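Remarks on the overall topology
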Amino acid sequence: MSFLRRVINDLKKYREYMIFCIKSSIKLQVAGTNLGYFWWILDPLFFMFVYTVFVLVIRGKTNPEFPIFIFCALVPWKWTATSISGSADSIAKKRGILEQIYIPKFIFPLMDVVINLSKFIFGIVVLLVLLPLFKINFSFHIFEAIVVVIVQGVFLIGLSLIIAHLGIYFRDIRNILQFAIQLWFYMSPGIYTLEYIPEKYRFLWWFNPMTTFFYSYRNTFMYNCPPLYLNLFIILIISLILVIIGLIIIYKSDKNYTKVV
Amino acid sequence: MKKIIELDNINLKYRFLKNMNIKQEILRLFHPKRKISKLKEIEALKNISFSIYSGHTVGIIGGNGAGKSTLLKLIAGVFQPDSGKIIVRAKSISLLSLGTGFQSELSGYENIYLNGLLLGLKKYEIDKKIDAIIEFSGIEEAIHNPIKSYSSGMRQRLAFAIAINAIPEVLLIDEILGVGDQAFKNKSNKIIKELINSNKTVILVSHDIGTLEEVCDKILWLHKGELIQYGETKEVIAEYKKFIKEQK
């Protein structure tokens, strides 16, 4: 497929630009704040605290590992939420430079996913520090989390490409995404386990890739067993298809985006 | 001498998205026959054909809304025509225009790298040139401040300094020859003249007939998206001046 060759050529040609862009964007994320990079630690910790309190209030008790249980889901969830909500805008906000010079547009959603990945990795480091604090023994299985990260990455890139394209033509997408993401979180077993879902509906949850991701991360970090390889494989195939579709539609409109006013 | 830029029957329209939202699209699904207010379109370029030889300097003139900036952006690769063919046989093209394509949150220093990389320079090449660029732009210490704190003159000067140092094969200049104080104007005019006299191709949009007469080999006259005339500078300028007189 010669279009794949075009992708690879573009990636090679714009490699230095992308690396520089990603580095400066990351620096920019912390530039406005006083605490800077420290927020990347505080942020997931605060949410862990909030959800633990929430569940305590509702159920009156939790088991001692519950905060980690949530944390294992919150960090990957944050990566998903920020990548998806940011993607609607990722090409549109670059209008200024796109009117000056040609840049293959697909690199923008791609860079956003990578920038959010760096925050994700930070969160994982915090998680690794928390694990012994909550007396959780972990084993070599945590390295298998890398597979989950890769599959989640491909999935997010695929979705981001498509949403970024739609975001140029349908301004409403950004509003819709707000609700969609909220709903998606509550439809994912982030702060609850699947046991709370009545058996006959449980299969629906498995259509949601986040279910697989959450369970896989928890398996590797908390329960010393492997991630859900079969599910991950299926998600990977679907994600690769999404990536290819995304790349095709972005390339087709590549030089038409700026004609849209 | 090769034809470095060739346009054949180019048409280009701008589309206005005011009416395109999800509500409309969903309504359209339920009432396919319902007349949805048409997307407003503007024909920016109509049936444009011409070629430019490498090393030439071509000026583009025309009233407001003639399509001059659109034409430059088309050549720069920012747009794709709706129909027709455009061939550009240059490895690097630089477009200098009134917007500057900077990331305003980042510093001038970082933007030099970003823009330089986009213009085809490698990082090590920019490392070597960065001091020259900063000096040419006259920005000095403010170079490490975010671009959003710069005056528009500073931004233009910086954009100019970067684009010039990228030494593109084709340089497209959109009406920014009048930027900066006298010292900067002298510097930039000198450089533009050097580029024009060299083997680089320069395409310039300007309302300054005097400059165009001085430096251009050929002039392209656009009016409301159509090509009125393309030929030797003296001829086209004469016709253009006649046209302007008749308007009065």
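The model shown is predicted, which means the values in this text are computed figures rather than measured ones.

1. Quick look at the interface of chain B and chain A
With 37 residues of chain B at the contact, the number on the chain A side is 31 residues. In this structure, the connection of chain B to chain A is made through 1 salt bridge. The partner of Lys27(A) in a salt bridge is Glu110(B), and the shortest N-O contact between them spans 3.8 Å. Taken together, the connections running from chain B to chain A amount to 3 residue pairs in polar contact (both at pLDDT 80 or more).

2. Observations concerning the domain arrangement of chain B
Residues and elements named next belong to chain B. As far as domains go, chain B holds domain 1 (1–30 + 38–91 + 169–248) and domain 2 (102–166). For domain 1 and domain 2, the distance between their C-alpha centres works out to 25 Å. Listed by partner, the interface residues are 10 residues for domain 1 and 8 residues for domain 2. Buried surface at the junction of domain 1 and domain 2, both sides included, amounts to about 820 Å², of which 86% is carbon and sulfur. The interface formed by domain 1 and domain 2 includes 0 salt bridges. Linking domain 1 with domain 2 are 0 residue pairs in polar contact (both at pLDDT 80 or more). Ranked by residues supplied to the side of domain 1 that touches domain 2, first place goes to helix H6 (residues 182–197) with 6 residues. Tallied by class, the residues present in the side of domain 1 that touches domain 2 amount to 7 nonpolar, 2 polar and 1 charged.

3. Structural notes on the pattern of salt bridges
All names here are of chain A. Evaluation of the coordinates by the stated rule reveals 13 salt bridges over all chains. The partner of Asp254 in a salt bridge is Arg6, and the shortest N-O contact between them spans 3.8 Å. Taken together, the positions of Asp254 in the segment after helix H11 (229–252) and Arg6 in helix H1 (residues 2–13) put the pair 248 residues apart, joining distant regions of the chain. For Arg6, a relative accessible area of 38% gives the class partly exposed. Through salt bridges with shared partners, a single ionic network connects Arg6, Lys105 and Asp254.

Definitions and cut-offs
- Residues numbered from 1 in each chain as written.
- Chains lettered and ligands numbered in written order.
- Predicted model: local features only at pLDDT ≥ 70, side-chain atom pairs only at ≥ 80, totals over all residues.
- Heavy atoms only, no water.
- Contact = heavy atoms within 4.5 Å.
- Salt bridge = Lys/Arg side-chain N within 4 Å of Asp/Glu carboxyl O.
- Polar contact = N/O pair within 3.5 Å; in protein donor to acceptor, adjacent residues only side chain to side chain.
- Domains from an automatic or database assignment.
- Buried area = accessible area lost by both parts, 1.4 Å probe.
- Helix = DSSP H or I, 4+ residues; strand = E, 2+ residues; numbered from the N terminus.
- Nonpolar A, V, L, I, M, F, W, Y, C, P; charged D, E, K, R; others polar.
- Buried < 20%, exposed > 50% of the residue type's maximum accessible area, 1.4 Å probe, protein only.

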